[in-house]
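Structural features, examined
Residue strings, one per chain:
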Amino acid sequence: MQHFTLSERALQRRLKRHFLKEQHDYFAVCTPGFEDVLLREVQELPGVDRARVDAGGVTFTGPVDALYHANLLLSSANRVLLRVAEFSASTTPMLFDQTSRQRWEFFVKDGARVRIVSSARKSKLNHHGRITETLAAGMNACLEPLGVTFTPTQEDAYDLELHVRLHRDRCTLSVNTSGEHLHRRGWRVLTSQAPIRETLAAAILRRTGLENEPGRVLIDPFCGSGTFLVEAAHLLSGYPPGAARPFAFERLPFFQESKWHRFRREAVQRAAPVRPRLLGFDLAQDVVDLARQNAAKAGVDGAIELAHADALSIDLSSFAGEEGTTLVANLPYGERLGDRQQVDALARRFAAKLNAKCSGWRVALVTGRAEHTRDLRLNDRDVLHFRNGGLKVALTSGVIG
């Protein structure tokens, strides 16, 4: 086999000819149940084509620029995967052969740390150790003749994370272009107990239609560390959720630094001031202080009003907006934050309060069980079950009748 060292100039020629001008397939991952929310976001990305819902996310096609826009702008996605290849692989030799045929020089820099994450279901190949070893060997067969070396790793510090999924003897290879989970926006200082992830908070807010009615007052009477409020401020201002964090694609050979910086700068410049009131309350003063720190780090402390108050005692109706009011809350679940009977009693009292004082308000409540909101009188009641922090929870939404 002929060996030579692939120069940077030669690599850039290959990228320009075979990668940068091509259309690519992507998969944006989200919390199951929120695929339709993510689909609407993906369809708004520049240059995206053929977006469709798949289980656990959205598949779409677009140029290389689409992965920059997706990581920068998608608020409800957990990560963005770039599809490298899909092929049949029922034996180890088939997996090796197909893997070695890919252009790994487009994804692996010399000396890179490569982490391989595998999953197998209903496939003849199901030994994860053997799968990852075969993938690494196939990649090496492509790269070694080019003078490119890499180090397999299972550590959190890596330059490339490759996802290999085998299902019914069909193998899909994907590159994680995001790196760390996209809920890590870069603004969170600390978290309160039972926090809700930023990506999930954004998905819930979008599910209420808040971005389509920017004049509505938003209230979170159990605000915790302020996630709903910060995400609402960014959503309503148009501030890009990925503007303040690094991404894995910045460590890949095809990364175009000047283009990325331009996309990010232009997106930040398009952001506008937040018009409606965003109000948050919490029973614990130290938690309110924490929310203030997070809001300040996110650059939205001027757009959010926070106060130490009991959600069951405060007169929420006094904060109603002329253009309508939306209330969102992540209530205690019972599994982590106290006795189940106390949580049930809290939910019943809060539902009675909303029924009496907040007619016409749009609400979205995350609870440990759907039964927690059974007493809430809602028009167009909608209940979605999903997981938050490994716990089964329910999102109940609708308009208070």
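For the structure, check the block above.
Structure report, in brief. (Residues numbered from 1 in each chain as written. Predicted model: local features only at pLDDT ≥ 70, side-chain atom pairs only at ≥ 80, totals over all residues. Heavy atoms only, no water.)

1. A word on the overall build of the protein
Selection rule: To qualify as a helix, a DSSP run of H or I must reach at least 4 residues; to qualify as a strand, a run of E must reach at least 2; elements of each kind are numbered from the N terminus. The globule rule used for comparison is 2.2 Å times the number of residues to the exponent 0.38, while the radius of gyration itself is calculated over C-alpha atoms. Where accessible areas are quoted, they stem from the Shrake-Rupley method and a 1.4 Å probe; at the residue level, only the protein chains shown are allowed to cover.
Counting its regular elements, the protein contains 10 helices and 15 strands. Whereas a compact globule of 401 residues would reach a radius of gyration of roughly 21 Å, the protein reaches 24 Å, a difference of no more than 12%. Principal axes of the C-alpha set define a box for the protein whose edges measure 80 × 45 × 35 Å. If you sum the accessible surface of the protein, you get close to 18200 Å²; carbon and sulfur atoms cover 46% of it.

2. Concerning unusual backbone geometry
It is generally the case that most residues other than glycine have a negative phi and that most peptide bonds are trans. Rules: The buried label goes to any residue with under 20% of its type's maximum accessible area, the exposed label to any with over 50%, and the partly exposed label to all in between, with areas taken from a 1.4 Å probe on protein chains only.
The phi dihedral of R50 is positive, around 55 degrees, even though this residue is not glycine. Here R50 is to be found in strand 2 (residues 49-54). Judged by its relative accessible area of 56%, R50 is exposed. Its identity as a non-glycine residue notwithstanding, K122 has a phi of 55 degrees, on the positive side.

3. Focus on the sheet that holds strand 14 (residues 378-388)
How we decide: We treat two strands as partners when DSSP finds at least two bridges between them. As a rule, the C-alpha atoms of each element are fitted with a line to give its axis, helices using only the stretch in contact, and angles between N-to-C directions run from 0 to 180 degrees.
The 7 strands lie next to each other as 11-10-9-12-13-15-14, forming an open sheet whose pairing is mixed. Across the chains shown, the open sheet's two edge strands, defined by having one partner strand only, are strand 11 (304-308) and strand 14. Strand after strand, the sheet turns through a mean of 15 degrees between neighbouring axes, direction not considered. Two strands pair when backbone bridges link them, and strand 12 (residues 325-330) and strand 13 (residues 362-367) are joined in this way by 5 bridges, in the parallel orientation. Bridge pairing links V328 to A364 in strand 13.

4. Remarks on the sheet that holds strand 8 (residues 170-176)
Strand pairs in the sheet, formed through backbone hydrogen bonds, run parallel or antiparallel to each other. What counts here: The contact rule is simple, with two residues in contact once any of their heavy atoms fall within 4.5 Å.
Here 8 strands make up an open sheet; going across it, the order is 2-3-1-4-8-7-5-6 and the pairing mixed. Both outer strands of the open sheet, strand 2 and strand 6 (150-152), are each paired with one neighbouring strand and no more. Averaged over neighbouring strand pairs, the angle between their axes works out to 30 degrees when direction is ignored. With 4 bridges connecting them, strand 2 and strand 3 (residues 57-62) associate as antiparallel partners. The residue of strand 3 that forms the bridge with R52 is T59. Lying over the sheet, helix 2 (residues 35-43) contacts strand 1 (24-29), strand 2 and strand 3, oriented at roughly 170 degrees with respect to strand 2. Relative to strand 5 (residues 112-121), helix 5 (residues 128-143) is tilted by about 135 degrees, and along the sheet it contacts strand 5, strand 6, strand 7 (160-167) and strand 8.

5. Description of the pattern of salt bridges
What counts here: A carboxyl oxygen of Asp or Glu within 4 Å of a side-chain nitrogen of Lys or Arg is what we treat as a salt bridge.
For the coordinates displayed, the defined rule picks out 25 salt bridges. One salt bridge connects R188 with E198, and the closest N-O pair in it is separated by 2.8 Å. Pair noted here: R188 is in the loop between strand 8 and helix 6 (198-207) and E198 is in helix 6, with a separation of 10 residues, a long-range link. Residue E198 is classed as buried on the basis of its relative accessible area, which comes to 2%. Close ionic contact of R207 with D382 constitutes a salt bridge, the shortest N to O distance being 2.6 Å. Placement of the pair is R207 in helix 6 and D382 in strand 14, with a sequence separation of 175 residues. Beyond isolated ion pairs, a larger network of salt bridges with shared partners links R14, R103 and E105.

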